[in-house]
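Structural description and commentary
Each chain is listed here by its residues.
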Amino acid sequence: MTPDQPAAPRSRPAGATTGRPGPRAGGAARPRPAARAKGAAASPDRTAAGKVAAGRTAAAKATKAAVGKVAAGKGRQGAPGAPRRPVIRTPARPSRGSLLEALRGTQQRAKKAWDRPLTAYYLILGGAALITVLGLVMVYSASQIKALQSGLAPSYFFRKQLFAAVLGAALMLLAVRMPIKLHRAFAYPLLAASVFLMCLVQVPGIGISVNGNQNWISFGGPFMLQPSEFGKLALVLWGADLLARKQDKRLLTQWKHLLVPLVPAAALLLGMIMLGGDMGTAIILSAILFGLLWLAGAPTRLFAGVLAFAGVIGLLLIKTSANRMSRLACIGATEPGANDQCWQAVHGIYALANGGWFGSGLGASMEKWGELPEPHTDFIFAITGEELGLAGTLSVLVLFAALGYAGIRVAGRTEDPFVRYAAGGVTTWITAQAVINIGAVLGLLPIAGVPLPLFSYGGSALLPTMFAVGLLIAFARAEPAARAALAMRQPALRKKLARVRRKTMRRRVKERPSGER
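Report follows, based on the coordinates. Treat the numbers as computed from the prediction; the structure is a model and nothing was measured.

What counts and what doesn't
- Residues numbered from 1 in each chain as written.
- Predicted model: local features only at pLDDT ≥ 70, side-chain atom pairs only at ≥ 80, totals over all residues.
- Heavy atoms only, no water.
- Salt bridge = Lys/Arg side-chain N within 4 Å of Asp/Glu carboxyl O.
- Helix = DSSP H or I, 4+ residues; strand = E, 2+ residues; numbered from the N terminus.
- Buried < 20%, exposed > 50% of the residue type's maximum accessible area, 1.4 Å probe, protein only.
- Pairing = 2+ DSSP bridges.
- Contact = heavy atoms within 4.5 Å.
- Axes fitted to C-alpha atoms, helices over the stretch in contact; angles between N-to-C directions.

**Quick look at the pattern of salt bridges**
Tallied over the entire structure, the rule returns four salt bridges. The salt bridge partner of R184 is D241, with a shortest N-O separation of 2.7 Å. Of this pair, R184 sits in helix α6 (residues 180–201) while D241 sits in helix α7 (residues 227–248), and the two are 57 residues apart along the sequence. We classify R184 as buried; its relative accessible area is 18%. The salt bridge partner of K368 is E387, with a shortest N-O separation of 3.3 Å. Here the residue K368 occupies a position in the loop between α13 (343–355) and α14 (380–413), and E387 occupies one in helix α14, the gap between them amounting to 19 residues. The exposure class of K368 is buried, given its relative accessible area of 5%.

Pasting the structure below:
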């Protein structure tokens, strides 16, 4: 080996490690092998061996990971072969803030839906329809025994009430379609006709006495008419038109224009009704009068004076009648008393008590079997409580409350004085009559002999009441926002009807036989 020739690399034994060599004792760096210095590739045998070793290492790691997963699964499941337990995740409990936000959102959505333009329209229409339909069902259930005891068919009273309801629906539709000007013009002939018919009631041979009250006119057979019921409607329309005309002329600030001729005309109607002895209808008529005066903005002193005068007159009328005094004494009675003077009031309470929460079932009343007088008229609410329970009576109360709220809303939102007075008068009429009837059944008020509006049997009471409901519906539709909402829904409704017609025609074409053209 010459001095200029580099030393040959030392051979490495087979299987020796390839660690980096340390420095020599003399401090000189150990020369690298020529193959590494030049970056030469490893031999083919060593490359293949390295690949095999790397593959074995990866396989071992995968096997170890799989074994770990199996062991973990067995640890969760328990014994081998046992069914796997489902993982139950407990939902997080909502915080108080989220509940408050949800309640606020629900309240805002309900308020938004409640403030829609057609809310009053749907409340009046739906509430009146439900009360009338439920009343038909209860009239059929409560009047069967009464009809059989009178030798009539079980459905006799129901058929008469159904006929009156159909006729009342036609009158309600007529009231909805009539313009407001026609309603105002219709008030005067209606008032004159009511006064004329009330005069005929007092004529012997024409007027008929029912339960001690001379307030019916017979038209032959089973058809009878009570003119005082139409007097309520006449007072509402005529009083509303009168006050609206005076408000346009700014005369309602004077007492004489506020009272005359409204109070004298109402006093005439009240006097003619009291000649027949019907104090219940007289109370309803007085409530309508006070409602109109309140809406007209009567001063407190004037309103209190008229109310005190009416109270004194009513007290004198009660004191001078033994029948009215006995009815007054039956408030809150729990026993029939001497001579069974409180029989009807006490058995009305018995009927409500027998009903419980959900009633004894439709048609299963016991009090209608001759125990409770007038089960299908004045005391139909008691039969409803016995057969449908507290749930049924509360449903009736909710429907009347919705109807009253919708009427007040219509009266409060309109700018037309006639609409405000008429809507307020109708709402006062229906609400006051319902309160007096239900209060008498509950034993909180004396028995006044007035039917439950839209619910009790009686065509003479049902016809003007349904016409009055038609007035409320017409007034609710006449609001500008409601009119705009209805106008927007008409094209959509027409499109839906056209789509239904097209589908029906396609279905008919598909169902035709192959030979038909």
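Let's pick the thread back up.
**A short note on the environment of V260**
By the secondary structure assignment, V260 is in the loop between α8 (255–259) and α9 (262–275). Residues V260 and L242, spaced 18 residues apart in sequence, show a C-alpha to C-alpha distance of 9.9 Å.

**Some remarks on the sheet that holds strand β1 (residues 207–210)**
Pairing in this open sheet of three strands is antiparallel, and the strands run β1-β2-β3 from one edge to the other. Each edge of the open sheet is held by one strand with a lone partner, namely β1 and β3 (224–225). Bridge count for β1 against strand β2 (residues 213–218) is four bridges, and the pairing is antiparallel. From the neighbouring strand, V210 faces β2, where its bridge partner is N213. α6 contacts β1, β2 and β3 of the sheet and is inclined by roughly 105° relative to β2.

These figures capture arrangement, not role.
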